[in-house]
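Here is how the chains run, residue by residue.
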Amino acid sequence: EDNIYQLTKQLLTDQDEYRKMSQASNPYGDGWASRRIAEALLYSYGYRRARPDVFKDK
């Protein structure tokens, strides 16, 4: 509990730490995986004519 408080306080008061955290890459992706999966499934089952774009990570 104290660790969470201290780290939150640091992010709110230390601009350099906040900047580092806010510009870090997201280890969980870009948030669009479910959309890409749905589009691929629709294409695979013939519900979509256009092939989905190939995903390329940065």
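Scroll up for the structure.
Residues numbered from 1 in each chain as written. Predicted model: local features only at pLDDT ≥ 70, side-chain atom pairs only at ≥ 80, totals over all residues. Heavy atoms only, no water.

Enquirer: Report on the packing of aromatic side chains, specifying residues and quantitative values.
Expert: Note on aromatic pairs: each is described by the distance of the centres and the angle between the planes. Applying the stated criterion across every chain yields a total of zero aromatic pairs. Over the ring of Phe55 we find Arg36, and its NZ or CZ is 3.8 Å from the ring centre. (Phe/Tyr/Trp six-rings, centres within 6.5 Å; stacked < 30°, edge-to-face > 60°. Lys NZ or Arg CZ within 6 Å of the ring centre and 35° of its normal.)

Enquirer: Describe in detail the pattern of salt bridges, supporting the description with residues and values.
Expert: Under the definition given, this model contains four salt bridges. The partner of Lys20 in a salt bridge is Glu17, with the nearest N and O atoms 3.0 Å apart. Remark: Glu17 and Lys20 occur in helix α2 (residues 15-22); sequence separation between them is three residues, near one turn of the helix. For Glu17, a relative accessible area of 26% corresponds to the partly exposed category. Of the charged contacts, one joins Arg36 and Asp30 as a salt bridge, the two residues approaching to 2.9 Å between their closest N and O atoms. Residue class for Asp30 comes out partly exposed when judged on its relative accessible area of 41%. (Salt bridge = Lys/Arg side-chain N within 4 Å of Asp/Glu carboxyl O. Helix = DSSP H or I, 4+ residues; strand = E, 2+ residues; numbered from the N terminus. Buried < 20%, exposed > 50% of the residue type's maximum accessible area, 1.4 Å probe, protein only.)

Enquirer: Can you break down the environment of Ser44 residue by residue, with the values?
Expert: Along the polypeptide, Ser44 turns up in helix α3 (residues 33-44). Given a relative accessible area of 56%, Ser44 falls into the exposed group. With 41 residues separating them in the primary sequence, Ser44 and Asn3 have C-alpha atoms 48 Å apart.

Enquirer: Tell me about α3, and please be specific about residues and values.
Expert: Between its first and last C-alpha atoms α3 spans 16 Å; for 12 residues at 1.5 Å apiece the expected length is 16 Å, and the two agree. Residue Gly46 follows α3 closely and has a positive phi angle near 80°. (Expected span 1.5 Å × (residues − 1).)

Enquirer: A description of the environment of Ser22 should follow, citing residues and the corresponding values.
Expert: Structurally, Ser22 is set in helix α2. Distance from Ser22 to Leu11, taken between C-alpha atoms, is 9.7 Å for residues 11 residues apart in sequence. Among the polar contacts made by the side chain of Ser22, one reaches the main-chain carbonyl oxygen of Arg19 at a distance of 3.1 Å. (Polar contact = N/O pair within 3.5 Å; in protein donor to acceptor, adjacent residues only side chain to side chain.)

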